[in-house]
Amino acid sequence: MTSLPGILGLLIDLAVVLFGFGLIIFVHELGHFLAARWAGIRTLAFAIGFGPALISYRRGLGFRRGST
């Protein structure tokens, strides 16, 4: 694959790295959530983010922006 020259190539590379880290974090945190459910721990919501939740899911409400 041919790499793009200059700043455009750098920005694309940075976007790919950020997307990759985000995907790894999502799968990791989903593993925590599913393991807790499997162990019988009551879990009301799945959310990702430090501080206020960016995106969350709650049964009956679905996916929402922010906290449920």
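Okay, so let's go over this structure.

What counts and how
Residues numbered from 1 in each chain as written. Predicted model: local features only at pLDDT ≥ 70, side-chain atom pairs only at ≥ 80, totals over all residues. Heavy atoms only, no water. Phe/Tyr/Trp six-rings, centres within 6.5 Å; stacked < 30°, edge-to-face > 60°. Helix = DSSP H or I, 4+ residues; strand = E, 2+ residues; numbered from the N terminus. Buried < 20%, exposed > 50% of the residue type's maximum accessible area, 1.4 Å probe, protein only.

1. Some remarks on the packing of aromatic side chains
For step 1, the next point in the chain: Applying the stated rule across the entire model yields three aromatic pairs.
For step 2, the next point in the chain: On the basis of an interplanar angle of 55° and a centroid distance of 5.3 Å, the ring pair of F33 and F46 is categorised as tilted. Of this pair, F33 sits in helix α1 (residues 6–38) while F46 sits in strand β1 (residues 46–48), and the two are 13 residues apart along the sequence. Just as F33 is buried, F46 falls in that class too.
For step 3, the next point in the chain: Seen from their ring centres, Y57 and F63 are 5.0 Å apart, and the 55° between their planes marks the pair as tilted.
For step 4, the next point in the chain: Among the residues examined, Y57 registers a relative accessible area of 34% and is labelled partly exposed.
For step 5, the next point in the chain: An aromatic cluster is built from F26, F33 and F46, whose rings are joined through pairwise contacts.

Worth remembering: the numbers are spatial, not functional.
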